[in-house]
Amino acid sequence: MKRLAALAWLALVLLAGLYLAYRVQDGLTFRTDLLALLPREEQDPTLQRANEAVSRALGRRVVALVGDPSRERARAAALALSADLKVTGLVSSAGDEIDADRMKAMGSLYFPHRRGLLSAGDRTLLLAGRGEDIALRALSQAFGVFGMADANLLRNDPFLLLPSFFTGLPFPLSRLTPDDGLLTVVEDGTTWILVSAALAGEPFELDVQERVIGAFDASVERLRQTAPNLQVKRLGAVFFAQAGSQAALDESTWLSTLSLGGTVLLILLVFRRVGPLLHNLLALGVGLGVGLSGSLALFGELHVAALLFGTSLIGVAVDYSLHYSACLFDRTCATSRDRLAHVLPGITLGLVTTLIGYMALMLAPFPGLRQIAVFSILGLIAAFLTVVLWLPPLDHAAPLRHGHGMLAAAGHLWRFWEDARFRVPRVLLLLLLVVVGVVGLTRLHANDDVRRLQSLSPALVQEQEEIQRRIGATAASQFLLVRAADDEQALRRQEAIAATLDRLVGERAIAGYHMPAAFVPSAQRQAENRALLRDALESPWLASQRELLGLPPASPERDDPVPPLTLAAALGQGGVPFLGDLVLGSGLHVVALQGLARPDAVRAALAGVEGVRLVDPTADFSALLGKYRQRALLLIAASALLMVPALVWRYGWRGRCGPWCPPRWPWPWPLRWRRWRARASPSSTPWRWS
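Rules used throughout
- Residues numbered from 1 in each chain as written.
- Predicted model: local features only at pLDDT ≥ 70, side-chain atom pairs only at ≥ 80, totals over all residues.
- Heavy atoms only, no water.
- UniProt positions renumbered as here; feature names shortened; annotations may be inferred.
- Helix = DSSP H or I, 4+ residues; strand = E, 2+ residues; numbered from the N terminus.
- Buried < 20%, exposed > 50% of the residue type's maximum accessible area, 1.4 Å probe, protein only.
- Polar contact = N/O pair within 3.5 Å; in protein donor to acceptor, adjacent residues only side chain to side chain.
- Contact = heavy atoms within 4.5 Å.
- Salt bridge = Lys/Arg side-chain N within 4 Å of Asp/Glu carboxyl O.
- Core = buried A, V, L, I, M, F, W, Y, C linked by side-chain atoms within 4.5 Å.
- Patch = residues over 30% accessible without salt bridge, like charges linked within 9 Å, V, L, I, M, F, W, Y side chains within 5 Å.
- Areas by Shrake-Rupley, 256 points an atom, 1.4 Å probe, with all protein chains shown as cover.
- Phe/Tyr/Trp six-rings, centres within 6.5 Å; stacked < 30°, edge-to-face > 60°.
- Lys NZ or Arg CZ within 6 Å of the ring centre and 35° of its normal.
- Pairing = 2+ DSSP bridges.

- The name given to the protein chain in an unreviewed UniProt entry is Membrane transport protein MMPL domain-containing protein, and the organism recorded there is Azospirillum thermophilum.

Rendered as structure tokens:
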């Protein structure tokens, strides 16, 4: 029967190995997105959708500034870098270039609807009855030294309202100006060219990181061979993710190598044989392989953190084979059957209680914890079955005769807790531990800030700050979510809060904002603008304006109604930069905030505004972590209680506290040790409950 069970387990292990080999050959990838470990927003699917859309748009953006004292070299290098990135097939244009074609497309889109489009400044002047100021401004632009208006534009727009509308459009890159199709800023004699692109894949996939950053670095290195003074600054989630994942892999590799080397060395020193080492490696290898294969089959993919945590936690599995191998020092365990019989109750109880703890993790809403729990559960069961089914047939070793010195050395530790001569040092040591514990508890506080879960590369942070300063933009993960029944209502709500946002800008609560309504006013606002234009500007000033400009009187056809510009038409035409990132769907818009310095002030100012909510993903995730931290504590308490029946079954009601308490109250354990030891089963050994 045991032989049949061992063969069946061998078949399952081979099946898991074949599946793992298939996944590796197919390209095994791991997620590195930290937020993928966190629970989903339970309360508001729309908010979750908005968060994901904005995070995806921000996360996939790749920005570089290419600088050189020579304008021509900077432009050539920027174009070459952009082309090299696109060759990877993982990068496309970000759609925010302001070149001649883009300007022409925007002109074609807005020109037919120009009578309903007014900049915020022009609208304010007309509402104040200062239409003459607009007329004089247009005349100065037409006849000034640097007048740029042509005759065709003046004939159709004698007050030059459309150029004023274009000038008033929100432009998040405020310090950049179009220069022959490329966004440029000149600073300290260096011409900086913006290279902006969007990733086609996820920035947290290792394969995407390696291909994109590999192409980026290779292109920069090649360009610097012909332009030694070339400077390139980079910004994007893919760069931070690659630096973070590389650092994590390097550290985990170093720590794993160190711990594995130390474990191997310790086993060889203790047992002075290769057999116990091979047994431990066999149990650990089967546990890791089955855990990884089963987790991939269940989840499809694993997060790299789950792999690292699971790999470290599965190290518990080493204990099973170590308990077995330690019986080699016991003269009463002469055969492999005796050794297994000696440790089986203990390791079975250890497996059951450990599985109860990991199963409690599966109840937590954290995807990362579930992956760690499944990985560890499968790995521990696999290691346990390997020890129980395979080690006895493979073990033909005789009991070890050395080890008396080690046992004697270990006995010194026990004597410290048992010998009456050490009573005073024991009490002093325990008092010291109590004091340290109390001081630690007083300093204990919960910090749920999700940003504390990772450390950013200082070099990349510095480059990010340099880029933001030069292009005049700030990182803006916070935004206002506007929800309404349709686009028209959403645009009206944005226009209603514009004055509040302007006040917040004046109070420096935010540095700026841009909303879809600034690119496409609501139909209601366009109708109001047409009426305002007719009554406050054209009726009193149009005839004289055309006469001063040398234009014939306006034709009566100019008052023909024109359908308002719609958001769908602007999005469909695709010529308006940044607009696509602000519209998530019909009636679901984003108002991007820049330089949010006082979130509380923004929340207070917009409190009670229907359909408008400040979304701060970092703060929301941190609050969610705090909520689930409390749930996690309840799960730990529940798992501890669930272990009680198994401990009672093994040690009885009075003896259950012995193995249950040490992990929870380590400091009083030495005092309880002797009392519990006296009550426990005479056949119990430290290996069984540890």
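1. Some remarks on the UniProt feature "transmembrane region" (unreviewed entry) in the protein chain
Point 1. Sites flagged by UniProt as "transmembrane region" (unreviewed entry) map to residues 254–271, 278–298, 304–322, 343–366, 372–391, 423–444 and 632–653.
Point 2. Between the first and last C-alpha atoms of residues 254–271 the distance is 26 Å; the span itself is 100% helix and 0% strand.

2. Regarding unusual backbone geometry
Peptide bonds are trans in most cases, and residues, glycine excluded, mostly fall at negative phi.
Point 1. Although it is not a glycine, Asp-188 adopts a positive phi angle of roughly 55 degrees.
Point 2. Checked against the element boundaries, Asp-188 lands in the loop between β5 (182–187) and β6 (190–199).
Point 3. Even without being glycine, Arg-272 reaches a positive phi, approximately 55 degrees.
Point 4. Looking at the secondary structure, you find Arg-272 in the loop between α10 (237–271) and α11 (274–299).
Point 5. The class for Arg-272 is exposed, based on a relative accessible area of 59%.

3. Overview of the side chain of Asn-529
Point 1. Within the secondary structure layout, Asn-529 lies in helix α22 (residues 523–548).
Point 2. On the basis of relative accessibility, which here comes to 1%, the residue Asn-529 falls in the buried class.
Point 3. For Asn-529, the side chain forms a polar contact with the main-chain oxygen of Gly-116, separated by 2.9 Å.
Point 4. Residues in contact with Asn-529, not counting those within four places in the same chain, are Arg-115, Gly-116, Leu-117, Leu-118 and Arg-123.

4. Things to note about the pattern of salt bridges
Point 1. Counting across every chain of the model gives 20 salt bridges.
Point 2. Put simply, Asp-600 and Arg-603 hold a salt bridge, and the shortest N to O gap is 3.9 Å. With a gap of three residues between them, Asp-600 and Arg-603 both fall in helix α25 (residues 599–606), about one helical turn apart.
Point 3. Using a relative accessible area of 60% as the deciding quantity, one classes Asp-600 as exposed.
Point 4. The network of salt bridges with shared partners includes Glu-187, Lys-233, Glu-466, Arg-469 and Arg-470.

5. Describing the environment of Thr-348
Point 1. By secondary structure assignment, the location of Thr-348 is in helix α14 (residues 336–362).
Point 2. Owing to a relative accessible area of 29%, Thr-348 belongs among the partly exposed residues under this scheme.
Point 3. Note: C-alpha distance between Thr-348 and Val-388 (40 residues apart in sequence) is 9.8 Å.

6. Description of the nonpolar core
Point 1. In terms of nonpolar packing, the biggest core is built from 38 residues, with Val-66, Leu-81, Leu-194, Phe-216, Leu-230 and Phe-239 touching the most fellow members.
Point 2. Contributions of two or more residues to this core are made by β2 (61–68), α3 (71–87), β5, β6, α9 (206–226), β7 (231–236), α10 and α19 (458–471).
Point 3. Ignoring anything within four residues of it in the chain, the contact list for Leu-230 reads Val-66, Gly-67, Asp-68, Ala-77, Leu-223 and Arg-224.
Point 4. By size, the runner-up hydrophobic cluster in this structure holds 28 residues, among which are Val-286, Cys-327, Ile-377 and Ala-382.

7. Describing a nonpolar patch on the surface
Point 1. A grouping of Leu-260, Leu-268, Val-274, Leu-278 and Leu-281 is seen on the molecular surface, where their side chains present a nonpolar patch of about 420 Å² in accessible area.
Point 2. Put simply, the parts of the chain that give the nonpolar patch at least two residues each are α10 and α11.
Point 3. With three residues, the single largest contributor to the nonpolar patch is α11.
Point 4. When you line up the elements, Leu-268 lands in helix α10.

8. As for the environment of Leu-182
Point 1. Tracing the sequence through the fold places Leu-182 in strand β5.
Point 2. Along the chain, Leu-182 and Trp-192 lie ten residues apart, while their C-alpha atoms are 10.0 Å from each other.
Point 3. Beyond its immediate stretch of four places on either side in the chain, Leu-182 contacts Arg-75, Leu-79, Thr-177 and Ile-193.

9. Some thoughts on the packing of aromatic side chains
Point 1. On inspection of all chains with the given rule, the structure shows eight aromatic pairs.
Point 2. Seen from their ring centres, Phe-271 and Phe-329 are 5.6 Å apart, and the 25 degrees between their planes marks the pair as stacked. With Phe-271 in helix α10 and Phe-329 in the loop between α13 (318–326) and α14, this residue pair connects regions lying 58 residues apart in the sequence.
Point 3. With a centroid separation of 5.0 Å and 85 degrees between ring planes, the pair formed by Phe-416 and Trp-417 is classed as edge-to-face.
Point 4. Classification of Phe-416 by relative accessible area gives partly exposed; the value is 22%.
Point 5. Judged by relative accessible area, which is 18%, Trp-417 ranks as buried.
Point 6. Ring-pair connections join several aromatic residues into one group, and the members of that group are Tyr-110, Phe-165 and Phe-166.
Point 7. Geometry around Phe-111 places Arg-114 over its ring, the cationic atom sitting 4.1 Å from the centre.

10. Some details on the pairing of β6
Point 1. With ten of its ten residues buried, β6 lies for the most part within the structure.
Point 2. On β6, burial covers both faces: Thr-190, Trp-192, Leu-194, Ser-196 and Ala-198 on one face and Thr-191, Ile-193, Val-195, Ala-197 and Leu-199 on the other are all buried.
Point 3. Where β2 and β6 come together, eight bridges link them in antiparallel fashion. Each residue of the ladder has a partner; that of Asp-68, found in β6, is Thr-191.
Point 4. Note that β5 and β6 share four bridges and pair antiparallel. What sits directly across from Thr-184, in β6, is Ile-193.
Point 5. Here β5 folds back onto β6, and the loop between the two strands holds two residues, one of which, Asp-188, carries a positive phi near 55 degrees.

11. Some thoughts on the side chain of Gln-478
Point 1. You can see Gln-478 is positioned in the loop between α19 and β9 (479–483).
Point 2. The class for Gln-478 is buried, based on a relative accessible area of 17%.

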